[in-house]
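Given next are the chains, with one letter for each unit.
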Amino acid sequence: MQTPYYLIDKSRLLPNMEKIAWLRAESGAKCLLALKCFATWSVFDFMSEYMDGSTSSSLYEVRLGREKFPGETHAYSVAYADHEIAEVLAHSDKIIFNSIGQLKKFAPQSAGHIRGLRVNPGVSTSEFDLADPARPFSRLGEHDPDEIDAIADQITGLMFHNNCENDSFDRFDEMLTLIEDRFGKVIHKMDWISLGGGIHFTGADYPLDRFAARLKGFAERYGVQVYLEPGEAAISGAATLEVTVLDTMHNGKNLAIVDSSIEAHLLDLLIYREPAKITPNTGDHAWMVCGKSCLAGDIFGEFRFDAPLKAGDRLSFQDTAGYTMVKKNWFNGVKMPSIAIRELDGSTRLVRDFDYDDFAAALS
Ligand SMILES: *Cc1c(COP(=O)(O)O)cnc(C)c1O
């Protein structure tokens, strides 16, 4: 198979899926895949055996969820346009509005639909304000308990999404308690509560049993169906980006140029200023691995290898599923990585290739 390509390995996806399935059974919570994190639909059938459905952040995502991910389909968007709403409703089982203004605006069209509202509890775990839903002046959800209470009869559920890469159960627990203290009265009036994504409960040391007990207790206390919307937790570690070294140079450091680009193919890392991951990253030879776009800072990172790199060497960047494949782009006209899937029996199949026609078709 020709590089570059993203390789989704079902044997790496499976442990996450099994944890999700265990959590659902133990806690009663339903788990919906957040498509904004991962929308490679060729593995949706597989994932749907372990999850309840999908949730979305736009019309196109909700439609993809409806068409490709069996189960429940939740619609959410920061704002819907007038011309989108009919189609959003047609493709969803529930619609979650971001503001009371949008709820009121689309009240007539959505009257027969299950409706919810996003609440911004004003606390979060994000370390980057770029991704902090509780940042000052945040537009992400309503924050005033009295204003939310005043429209409570028009909705049956609330969505809180304030965790972000949170791998601490204690921190999750603390924040849920804050939410209960502040919004408990209105939560009592609801049938369902989504606690959003950003909870890294599939991580190696996460106390899944305590998490399940907390969710179950919450559901019983308020008489609600709990939903979780994992993105990253569902697909963490499930894919790699496979590349080949094209050239080497030396300019104070050893440089290897590969047939990919961090700007075009791993953009989320560049935005958050994180290096790509190569394992085991040991050995006597230090190399800076660089992209083939002409962006000066198109650098994947500095890694260690057992031998000097040379043209033709194959490298594998780890953990490239979440927020990565959804952001690939045509910058510099660099060939977009194909998509391959490794089945549980070890066989690998190509599910998508991109060529010049795709590049040309992306603009006009
Ligand atoms: C981003 C997002 C998610 C998924 O978050 P992860 O960190 O990938 O788990 C879930 N729900 C909402 C509303 C989101 O915005």
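None of these values were measured; they are calculated from a predicted model.

Novice: Can you break down the overall build of the chain residue by residue, with the values?
Specialist: Looking only at helices and strands, one finds twelve helices and 16 strands in the chain. Taken over C-alpha atoms, the radius of gyration comes to 22 Å for the chain, in line with the 21 Å a tight globule of 364 residues would show. Burial analysis of the chain (364 residues in total) assigns 53% to the buried set. Expressed as a percentage of contacts within the chain between residues at least 6 apart in sequence, the contacts between residues at least 24 apart total 67%. When the 37 basic and 53 acidic side-chain charges of the chain are each reduced to a single mean position, those positions are 2 Å apart.

Novice: Could you give an account of the side chain of Ser-194, with specific residues and numbers?
Specialist: Within the secondary structure, Ser-194 is located in strand β8 (residues 192-194). The class of Ser-194 is buried, set by a relative accessible area of 0%. From its side chain, Ser-194 meets the backbone nitrogen of Gly-196 in a polar contact 3.2 Å long. At 2.8 Å, the side chain of Ser-194 and the side chain of Glu-229 are in polar contact. Apart from the residues within four sequence positions on either side, Ser-194 is in contact with Leu-158, Met-159, Phe-160, Tyr-227 and Glu-229.

Novice: An account of the site of the ligand is needed here, citing residue identities and associated values.
Specialist: Taken together, Ala-34, Lys-36, Cys-37, Met-159, His-161, Gly-197, Gly-198, Glu-229, Pro-230, Gly-231, Glu-232 and Tyr-323 make up all the residues around the ligand. The contact in question runs from an oxygen atom of the ligand to an N or O atom on the side chain of Lys-36, over 2.7 Å. In this structure, an oxygen atom belonging to the ligand sits 2.7 Å away from a main-chain N or O atom of Gly-198. In isolation the ligand has 390 Å² of accessible area, and contact with the protein removes 88% of it.

Novice: Residue-level account of unusual backbone geometry, with values.
Specialist: The phi torsion of most residues other than glycine is negative, and most of the peptide bonds are trans. For the bond from Thr-3 to Pro-4, the omega torsion is -5°, close enough to zero to count as cis. Within the secondary structure layout, Pro-4 lies in the segment before β1 (5-9). Look at the link from Thr-279 to Pro-280: it is a cis peptide, with omega at 0°. One can find Pro-280 in the loop between α11 (267-271) and β12 (285-290). The backbone of Phe-137 shows a phi angle near 65°, a positive value even though the residue is not glycine. By secondary structure assignment, the location of Phe-137 is in the loop between β6 (114-119) and α6 (145-150). Classification of Phe-137 by relative accessible area gives exposed; the value is 87%.

Novice: Residue-level account of the packing of aromatic side chains, with values.
Specialist: Counted under the stated rule, the structure contains 18 aromatic pairs. With 5.0 Å between their ring centres and 80° between their planes, Phe-128 and Tyr-272 make a pair best called edge-to-face. Of this pair, Phe-128 sits in the loop between β6 and α6 while Tyr-272 sits in the loop between α11 and β12; the two residues are 144 residues apart in sequence, bridging distant segments of the chain. A relative accessible area of 37% means that Phe-128 is categorised as partly exposed. Stacked on the ring of Trp-192, the Lys or Arg Lys-94 has its end atom at 5.4 Å from the ring centre.

Novice: Could you give an account of the UniProt feature "domain: Orn/DAP/Arg decarboxylase 2 C-terminal" (unreviewed entry) in the chain, naming the residues involved and the relevant values?
Specialist: The UniProt record annotates "domain: Orn/DAP/Arg decarboxylase 2 C-terminal" (unreviewed entry) at residues 237-320. Secondary structure within residues 237-320 divides into 11% helix and 42% strand; the distance between the first and last C-alpha atoms comes to 7 Å.

Novice: I'd like a rundown of helix α3 (residues 59-68), residues and numbers included.
Specialist: The complete set of buried residues in α3 reads Leu-59, Glu-61, Val-62, Leu-64 and Gly-65. Of the surrounding secondary structure, the elements contacted by the buried residues of α3 are α2 (44-48), β3 (53-55), β4 (72-77) and α4 (85-90).

Novice: Can you lay out empty space enclosed by the protein for me, pointing to particular residues and giving the numbers?
Specialist: Per the counting criterion, the structure on display carries one cavity of 30 Å³ or more. Of the residues belonging to the lining of the largest cavity, the class tally is five nonpolar, two polar and no charged.

Novice: I'd like a description of a nonpolar patch on the surface, backed by residues and values.
Specialist: A cluster of nonpolar side chains, namely Phe-128, Leu-130 and Ile-271, defines an oily patch on the protein surface of about 270 Å² accessible area. Of note, Ile-271 is situated in helix α11. Looking at Ile-271, the relative accessible area reads 35%, which means it is partly exposed.

Novice: How would you summarise the packing of helix α1 (residues 10-27) against helix α8 (residues 208-222) if you had to cite specific residues and measurements?
Specialist: Direction vectors running N to C along α1 and α8 enclose 40°, while the axes themselves pass 9 Å from each other. By the angle class used here, α1 and α8 are oblique. The two elements α1 and α8 meet at a crossing, and its hand is right-handed. When α1 is examined against α8, the residues Lys-19, Trp-22, Leu-23, Glu-26 and Ser-27 are found in contact with a partner set consisting of Leu-208, Asp-209, Phe-211, Ala-212, Leu-215 and Lys-216. Classifying every residue of the contact of α1 with α8 by side-chain character gives six nonpolar, one polar and four charged.

Novice: An account of the nonpolar core is requested, with residue identities and associated values reported.
Specialist: In terms of nonpolar packing, the biggest core is built from 94 residues, with Phe-38, Met-47, Met-51, Leu-158, Phe-201, Phe-211 and Phe-317 touching the most fellow members. Beyond its immediate stretch of four places on either side in the chain, Phe-201 contacts Lys-19, Ile-20, Leu-23, Tyr-206, Leu-208, Phe-211, Leu-228, Pro-230 and Ala-233. Formed by seven residues, the second largest nonpolar core is a distinct cluster that contains Leu-32, Tyr-76, Leu-140 and Met-159.

Cut-offs used in this document
- Residues numbered from 1 in each chain as written.
- Predicted model: local features only at pLDDT ≥ 70, side-chain atom pairs only at ≥ 80, totals over all residues.
- Heavy atoms only, no water.
- Helix = DSSP H or I, 4+ residues; strand = E, 2+ residues; numbered from the N terminus.
- Rg over C-alpha atoms; globule rule 2.2 N^0.38 Å.
- Buried < 20%, exposed > 50% of the residue type's maximum accessible area, 1.4 Å probe, protein only.
- Contact = heavy atoms within 4.5 Å.
- Lys, Arg positive; Asp, Glu negative; His and termini not counted.
- Charge placed at Lys NZ, Arg CZ, Asp CG, Glu CD.
- Polar contact = N/O pair within 3.5 Å; in protein donor to acceptor, adjacent residues only side chain to side chain.
- Near = heavy atom within 4 Å.
- Areas by Shrake-Rupley, 256 points an atom, 1.4 Å probe, with all protein chains shown as cover.
- Phe/Tyr/Trp six-rings, centres within 6.5 Å; stacked < 30°, edge-to-face > 60°.
- Lys NZ or Arg CZ within 6 Å of the ring centre and 35° of its normal.
- UniProt positions renumbered as here; feature names shortened; annotations may be inferred.
- 1 Å grid on protein atoms, 1.4 Å probe; cavity = no way out; pocket = protein on both sides within 12 Å on 5 of 7 lines; lining within 4 Å.
- Points joined across faces, edges and corners; volume = space filled by probe spheres on them.
- Nonpolar A, V, L, I, M, F, W, Y, C, P; charged D, E, K, R; others polar.
- Patch = residues over 30% accessible without salt bridge, like charges linked within 9 Å, V, L, I, M, F, W, Y side chains within 5 Å.
- Salt bridge = Lys/Arg side-chain N within 4 Å of Asp/Glu carboxyl O.
- Axes fitted to C-alpha atoms, helices over the stretch in contact; angles between N-to-C directions.
- Parallel < 35°, antiparallel > 145°, perpendicular 65-115°, else oblique.
- Left-handed = near helix turned anticlockwise from the far one by under 90°.
- Core = buried A, V, L, I, M, F, W, Y, C linked by side-chain atoms within 4.5 Å.

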